[in-house]
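# Reading the structure
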Amino acid sequence: MKQGDVDGVHKTYNVTVPKGRLFLLGDNRANARDSRFFASDHDGTVAESAVRDRVTDDRAPPVVIGTAVIGGGVLALVGVGLGIAAFVVRRRRAAPVAPWPVQRV
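Parameters at a glance
Residues numbered from 1 in each chain as written. Predicted model: local features only at pLDDT ≥ 70, side-chain atom pairs only at ≥ 80, totals over all residues. Heavy atoms only, no water. Helix = DSSP H or I, 4+ residues; strand = E, 2+ residues; numbered from the N terminus. Polar contact = N/O pair within 3.5 Å; in protein donor to acceptor, adjacent residues only side chain to side chain. Contact = heavy atoms within 4.5 Å. Patch = residues over 30% accessible without salt bridge, like charges linked within 9 Å, V, L, I, M, F, W, Y side chains within 5 Å. Areas by Shrake-Rupley, 256 points an atom, 1.4 Å probe, with all protein chains shown as cover. Salt bridge = Lys/Arg side-chain N within 4 Å of Asp/Glu carboxyl O. pLDDT = per-residue confidence, 0-100.

What follows is about the side chain of Thr-45. Tracing the backbone shows Thr-45 in strand β4 (residues 45-47). Polar contacts involving the side chain of Thr-45 include one to the side chain of Arg-21, which spans 2.7 Å. In this view, Thr-45 contacts Val-17, Pro-18, Arg-21, Leu-22 and Phe-23; residues no more than four positions away in its chain are not counted.

Following this line, the structure appears as structure tokens:
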């Protein structure tokens with residue numbers, strides 16, 4: 001049995017966690033809807049079998065998203081550069097070129 005702070009205002013609660021059940025707490029305790037707020041349902045505990053996976057400190061999703069954002073930015077800059085190059089080439093080709101020497105009088 002453990003006493004604790006329910007909602008950040010020092011409201012206590014008492015809970016006994018039976019074997020095979022879990023009492024879940026959120027990281028942001030003052031703003032989490034975790035086991036403390038469901039005391040009327042099995043004292044806020046959850047069956048171990050109801051847990052699907054474990055939360056880890058996996059940094060892969062932020063790294064993948066960051067890489068995609070940076071890669072997208074680089075591709076956008078390359079696209080702008082190629083667009084400018086194509087515009088310049090097109091303007092040079094569009095300049096009139098006389099097929100014979102022009103004589104001025």
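Picking up after the structure, the text goes on.
Before going further, it helps to examine a nonpolar patch on the surface. A cluster of nonpolar side chains, contributed by Ile-70, Val-74, Val-78 and Leu-82, occupies part of the molecular surface with about 400 Å² of accessible area. With respect to the helices and strands, Leu-82 occurs in helix α1 (residues 60-94).

Here we come to the confidence of the model for the protein. On average, residues of the protein carry a pLDDT of 78, and 71% of them reach 70 or more. Summarising per-element confidence for the protein, the mean pLDDT is lowest in strand β1 (residues 2-5) (54) and highest in α1 (90).

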